[in-house]
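The residues making up each chain are set out below.
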Amino acid sequence: MKFTPTKPISYGRQTITDSDIAAVTDVLQSDYLTQGPKIAEFETAFAGYIGAKYASVVSNGAAALHLCAMALDVKPGDKVITTPITFTASANCVRYCGGEVVFSDIDETTYLLDIHKVRALLESTPKAERSSYKGVVPVDFAGLPVDMQAWRELADEFGLWILEDACHAPGASFIDKHGMERRAGDGSLADLAIFSFHPVKHIATAEGGAVTTNRQDYYERVCRLRTHGITRDPAILQENHGGWYYEMHELGYNYRLTDVQAALGLEQLKRADAGLRRRRVIADRYRTAFAGTQVIVRPLLEGFHHAYHLFVIEVEKRRELYDFLRERKIYAQVHYIPVHLQPYYRQFGWKHGDMPIAEGYYERCLSLPMYPALTDDEQEYVIAQVLSFFDKSNVT
Ligand SMILES: *Cc1c(COP(=O)(O)O)cnc(C)c1O
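Summarised in this report is the structure supplied together with it.

Procedures and definitions
Residues numbered from 1 in each chain as written. Predicted model: local features only at pLDDT ≥ 70, side-chain atom pairs only at ≥ 80, totals over all residues. Heavy atoms only, no water. Helix = DSSP H or I, 4+ residues; strand = E, 2+ residues; numbered from the N terminus. Rg over C-alpha atoms; globule rule 2.2 N^0.38 Å. Buried < 20%, exposed > 50% of the residue type's maximum accessible area, 1.4 Å probe, protein only. Contact = heavy atoms within 4.5 Å. Areas by Shrake-Rupley, 256 points an atom, 1.4 Å probe, with all protein chains shown as cover. Lys, Arg positive; Asp, Glu negative; His and termini not counted. Charge placed at Lys NZ, Arg CZ, Asp CG, Glu CD. Pairing = 2+ DSSP bridges. Axes fitted to C-alpha atoms, helices over the stretch in contact; angles between N-to-C directions. Near = heavy atom within 4 Å. Polar contact = N/O pair within 3.5 Å; in protein donor to acceptor, adjacent residues only side chain to side chain. Nonpolar A, V, L, I, M, F, W, Y, C, P; charged D, E, K, R; others polar. Right-handed = clockwise from strand over helix to strand, strands pointing away.

1. Thoughts on the overall build of the chain
Assigned secondary structure in the chain consists of 14 helices and 16 strands. Relative to its length of 396 residues, the chain is compact, with a C-alpha radius of gyration of 22 Å against a globular reference of 21 Å. Taking the principal axes of the C-alpha coordinates as reference, the chain spans close to 80 × 60 × 45 Å. Counting only residues that meet the buried cut, the chain has 54% of its 396 residues in that class. Residue pairs in contact within the chain that sit at least 24 positions apart in sequence constitute 74% of those at least 6 positions apart. For the chain, the exposed area adds up to about 17,800 Å²; of that, 53% sits on carbon and sulfur atoms. When the 43 basic and 51 acidic side-chain charges of the chain are each reduced to a single mean position, those positions are 3 Å apart.

Shown next as structure tokens:
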């Protein structure tokens, strides 16, 4: 082996350039560190990139989810369906508002929330109880966008809203039944969508997130709620005492992004397409290298353009492979521990065996390094180590 890494190769990481640093430095030397002009600039640019009418940037992805759940009026007694194979935040937003999370199993080959199982769940629920189901949170897991057209049809049939967790999928898209391109989070079918700008995601602002939508009412509510529920809009003020005057109409939070972060996000966004292309090249190389081996990579879906936040393989002896790679400075990761098995959710009665496909997947899954700055040498090293693990375990 010619190449040996000098530092760990993690499953995901940010890319920071000199122009990113310059943009951040400029803001630090400007008049506004927060609530300045960079926020609106970033929002316009991000909405344009995603293809949605509105974007509201917030302090992180979990905050974006919380504000969406509030905008959708999730209340105690409301049931919201989501997938167990996601980051816990996708489910937690329902709990922040006192609603009940109903997990439903994933599809074996896409790893996405299985729409057929959700339909069966709704159809088998007595009509009187069905009305407590208010919405669904599908997740574009790993960067594969859900078939939002199918979800929209189901949601309309059962009177549900759709909150798309698109954290993994900026730039992903699929071709709908009419041949139209639908981008993840573009607001054309889902009611609301959210993104995260955590360093492992496509666009990094350290911490950060966004809500996208085509609905003006949701957008305005999210903007108000991210800044304490306060408004200065003369059209809705109940009184007006002068230029300083504002009113708080409902209980909100400080979930704002700063201008420093927005400046970083704007620079990162300029490289989003190039980053996505690079992710797809890396994915193709992994696919080619693992074809015909014991490393399972699920096939591509016709008409679906993956954004590859993660590159997931399924293997036997996952734990041993994880440790083997770690000893060789490759920090692969597991996405995710099924959320319904978290002790917090077990207290609501969720248990082992409830989601057999998700639980089986969890036994085998491993996310290999996937980020634009991963070099060819590094990727070849990763591939060689994974394959050598299986060569070794075959002889013993
Ligand atoms: C990262 C992530 C979040 C939460 O984002 P934060 O910015 O870390 O709060 C939510 N959902 C999914 C699927 C994620 O990957």
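2. Quick look at the sheet that holds strand 5 (residues 133-137)
The mixed open sheet is built from seven strands, whose spatial order is 2-10-9-6-5-3-4. Every other strand in the sheet has two partners, leaving strand 2 (54-58) and strand 4 (100-103) as the edge strands with one partner each. Along the sheet, successive strands turn relative to each other by an average axial angle of 25°, direction set aside. Judged from the two bridges that link them, strand 5 and strand 6 (residues 161-165) form a sheet pairing that is parallel. What sits directly across from G135, in strand 6, is W161. In the packing of helix 7 (residues 148-158) onto the sheet, contacts are made with strand 5 and strand 6, and the angle to strand 6 comes to roughly 150°. Of the strands in this sheet, strand 2, strand 9 (192-196) and strand 10 (209-213) are in contact with helix 8 (residues 216-225), which crosses strand 2 at around 20°.

3. Overview of helix 4 (residues 89-96)
Within an α-helix, residues lying three or four positions from one another point in the same direction, as the helix has 3.6 residues per turn. Burial analysis of helix 4 places six of its eight residues in the buried class, which makes it a mostly covered element. Taken together, the buried positions of helix 4 are A89, S90, A91, N92, C93 and V94. Those residues of helix 4 that are buried lie in contact with helix 3 (61-71), strand 3 (79-82), strand 4, strand 5, strand 6 and helix 12 (343-346). Positive backbone phi, at 85°, marks G98, one or two positions downstream of helix 4.

4. Some points on the sheet that holds strand 13 (residues 304-305)
A sheet is described by the order of its strands in space; here three strands give the open sequence 8-7-13, paired in antiparallel fashion. Taken across any chain shown, the strands that pair with only one partner, and hence form the sheet edges, are strand 8 (181-183) and strand 13.

5. Overview of the site of the ligand
The full set close to the ligand counts 14 residues, and G61, D165, H168, S196 and K201 are the nearest of them. S196 has a polar side-chain atom sitting 2.7 Å from an oxygen atom of the ligand. In isolation the ligand offers 380 Å² of accessible surface; the protein chains occlude 92% of this area. Considered class by class, the residues forming the shell around the ligand number five nonpolar, seven polar and two charged.

6. Some words on the environment of F42
Relative to the assigned elements, F42 resides in helix 2 (residues 37-50). Judged by its relative accessible area of 0%, F42 is buried. Residues F42 and V315 lie 273 residues apart in sequence; the distance between their C-alpha atoms is 41 Å. Apart from residues no more than four positions distant in its own chain, F42 is found in contact with V57, F197, T205, L257, A262, G265, L266 and L269.

7. A short note on the pairing of strand 6
Taken across its five residues, strand 6 has five buried, putting it largely inside the fold. Residues W161, L163 and D165 point to one face of strand 6 and I162 and E164 to the other, with burial holding for every one of them. The β-α-β motif built from strand 5, the intervening helix 7 and the parallel element strand 6 has right-handed crossover chirality. Pairing analysis gives three bridges linking strand 6 to strand 9, with the strands arranged parallel. Opposite D165, over in strand 9, you have I194 as the bridge partner.

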